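# Breakdown of the fold
Residues per chain are reported as follows:
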Amino acid sequence: MKKIGVTLLGVILSSAALGGASFAADVKIGVVMGLSGPPAIVDFGESYLQGMKLALKDYSAAGKHKVEFVIYDDEANPQKAVSLVQRLLQSDKVPLIMGTVSSGNVLAFAPIVQKAGVPLIAGPAIASNITSQFIDEKPSFIFRCSMVEKYQIEGMLDWGVKTFKKIGLVHSTTGYGNFAAKEIADGIKARGANLVAVEAVAPNVSDLTPQMLKMKESGAELVLNFHESFELVFRPMSKIDYKPTIAGNWGLSSLKVRDIVGAKEIEGTVMGQALDLSLDAPKAFVARMEKEYGKEFRWPVVAALGFDAAQVALKALDTAKSMEAEAVRDALEAVDGIKAISATPAKPYGPKDHECLDREHVFLGVWKDGAVVRLKY
């Protein structure tokens, strides 16, 4: 199994300072992340992990004891992800696990983690049901710090139905794409509207000219893009003389996607967001990330959520009564006073809410002059 060689050291402040337990041994946080495989997966995984590492670096100046991220690459493979989680539970014996990119991977191993009684902070996976299917367990060990699919779709449809008369949908036929398509179809119907065209695209199809021609023929003014290869819908547009508004998954906010598509071509594209770059704290965070990672930093919102997820995890370790997994779970639920970079609130979780982002924290962003800003409508 592939283990990423990393010794990132942090500290757990003593009980005298924080009111939590003081621990004799170093503490390990297990991390399963998509760091190889499809480019979009790697983009998500590396960006989220960059934010986590910066949070741990900040934390390392604060006290006496060491915290280490034990990082494994799941290669975007659900079977591998399950195997790695079992290794973290059985061999590494971590009191807390974080990750991963693919919602399918998280959904594969979350029941194992729940049964083992070890807390999981999922992210940057976004499938709507990751925490909700466990929230009535007594107790639930499944948390998340990431975008939630249904929240970005709800915001997008509220805006789309209000703003456009004709809306089309292009989605992949992967589990993610089909799941998003159903949520969109149900949401459109609930709003008294309909999709003028729907095109489902197999994962091995790289030329979307036929699909985009059908969008054009339908008169779609807004095309919802829920294909994991975010750039594909843009490629045929100039060739077929078609320039609808594109809106979709928060992946469209990646600087890498902007560079592949082109700043001019992506102008006006809309996506779910949870980071307002007009605010001072996010601006300062981006400047720090650029200094820390240079050209390797490419996704502000995903990195910010990784940073905030690690902040929450580390504060839970600080305040837990012990390093027993259930004590860490209880501490996660009680964490308060987080100074988040993203829209994550100061108290992210509660007994019936294990999402760091709720509907009111998710808004729409739009590419404008080479940067993503809050969409006003």
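What counts, and at which threshold
Residues numbered from 1 in each chain as written. Predicted model: local features only at pLDDT ≥ 70, side-chain atom pairs only at ≥ 80, totals over all residues. Heavy atoms only, no water. Helix = DSSP H or I, 4+ residues; strand = E, 2+ residues; numbered from the N terminus. Rg over C-alpha atoms; globule rule 2.2 N^0.38 Å. Buried < 20%, exposed > 50% of the residue type's maximum accessible area, 1.4 Å probe, protein only. Contact = heavy atoms within 4.5 Å. Areas by Shrake-Rupley, 256 points an atom, 1.4 Å probe, with all protein chains shown as cover. Lys, Arg positive; Asp, Glu negative; His and termini not counted. Charge placed at Lys NZ, Arg CZ, Asp CG, Glu CD. Salt bridge = Lys/Arg side-chain N within 4 Å of Asp/Glu carboxyl O. Axes fitted to C-alpha atoms, helices over the stretch in contact; angles between N-to-C directions. Parallel < 35°, antiparallel > 145°, perpendicular 65-115°, else oblique. Left-handed = near helix turned anticlockwise from the far one by under 90°. Nonpolar A, V, L, I, M, F, W, Y, C, P; charged D, E, K, R; others polar. Phe/Tyr/Trp six-rings, centres within 6.5 Å; stacked < 30°, edge-to-face > 60°. Lys NZ or Arg CZ within 6 Å of the ring centre and 35° of its normal. Expected span 1.5 Å × (residues − 1).

Our next topic: the overall build of the protein. In terms of regular secondary structure, the protein is built from twelve helices and 13 strands. For 377 residues, the compact-globule estimate of 2.2 N^0.38 gives 21 Å, and the C-alpha radius of gyration of the protein, at 21 Å, lies within 12% of that figure. Put simply, the protein has 377 residues, and 57% of those count as buried. Taking as baseline every contact in the protein between residues at least 6 positions apart, the subset at least 24 positions apart corresponds to 68%. Summed over its atoms, the accessible surface of the protein is roughly 15400 Å², and 53% of this surface lies on carbon and sulfur atoms. Across the protein, 43 positive and 43 negative side-chain charges occur, with their mean positions spaced 1 Å apart.

Scanning the entire structure with this criterion turns up 17 salt bridges. Residue E154 is joined to R359 by a salt bridge in which the shortest nitrogen-to-oxygen separation is 3.4 Å. With a gap of 205 residues between them, E154 in helix α5 (residues 149–163) and R359 in the loop between α12 (325–334) and β12 (363–368) connect regions that are remote in the sequence. Taking the relative accessible area as the measure of exposure, R359 reaches 27% and is therefore partly exposed.

All right, on to the packing of helix α3 (residues 78–92) against helix α4 (residues 103–116) then. For any two helices packed against each other, one specifies the crossing angle of their axes together with the interaxial distance. Remark: α3 packs on α4, axes separated minimally by 8 Å, with the N-to-C direction vectors making an angle of 25 degrees. The angle between α3 and α4 places the two elements in the roughly parallel class. Crossing handedness for the pair α3 and α4: right-handed. Contacts between α3 and α4 involve P78, A81, V82, V85, Q86 and L89 from the former and N105, A108, F109, I112, V113 and A116 from the latter. Here the contact of α3 with α4 is composed, by residue class, of ten nonpolar, two polar and no charged.

This part is about the packing of aromatic side chains. Per the counting criterion, the structure on display carries six aromatic pairs. Centroid distance W159 to F164: 5.4 Å. Interplanar angle 85 degrees. Geometry classified as edge-to-face. The buried category is assigned to W159, whose relative accessible area is 5%. Considering the side-chain rings of W250 and W299, the 6.4 Å spacing of their centres and the 50 degrees angle between planes classify their relative orientation as tilted. Taken together, the residues W250 in the loop between β10 (245–248) and α8 (255–261) and W299 in the loop between α10 (280–293) and α11 (300–319) connect sequence positions 49 residues apart. In this structure, W250 and W299 share a single accessibility class: buried. The structure contains a cluster of three or more aromatic residues connected by ring pairs, namely F44, W250 and W299. In this structure, R374 packs its charged tip against the face of F363, placed 3.8 Å from the ring centre.

Among the secondary structure elements, G45 is positioned in helix α2 (residues 39–59). Judged by its relative accessible area of 0%, G45 is buried. Sequence separation of G45 and N77 is 32 residues, and the distance between their C-alpha atoms is 13 Å. Setting aside its immediate chain neighbours within four residues, G45 contacts M33, G34, L35 and V101.

This next bit is on helix α6 (residues 175–190). Since the α-helix advances by 3.6 residues per turn, residues separated by three or four positions end up pointing in the same direction. Its 16 residues give α6 an end-to-end C-alpha distance of 23 Å, which sits within 8% of 22 Å, the value for a rise of 1.5 Å per residue. Packing partners of the buried residues in α6 comprise α5, β7 (167–172), β8 (195–201) and β9 (222–226). Two residues or fewer past α6, G192 is found with a positive phi of approximately 75 degrees.

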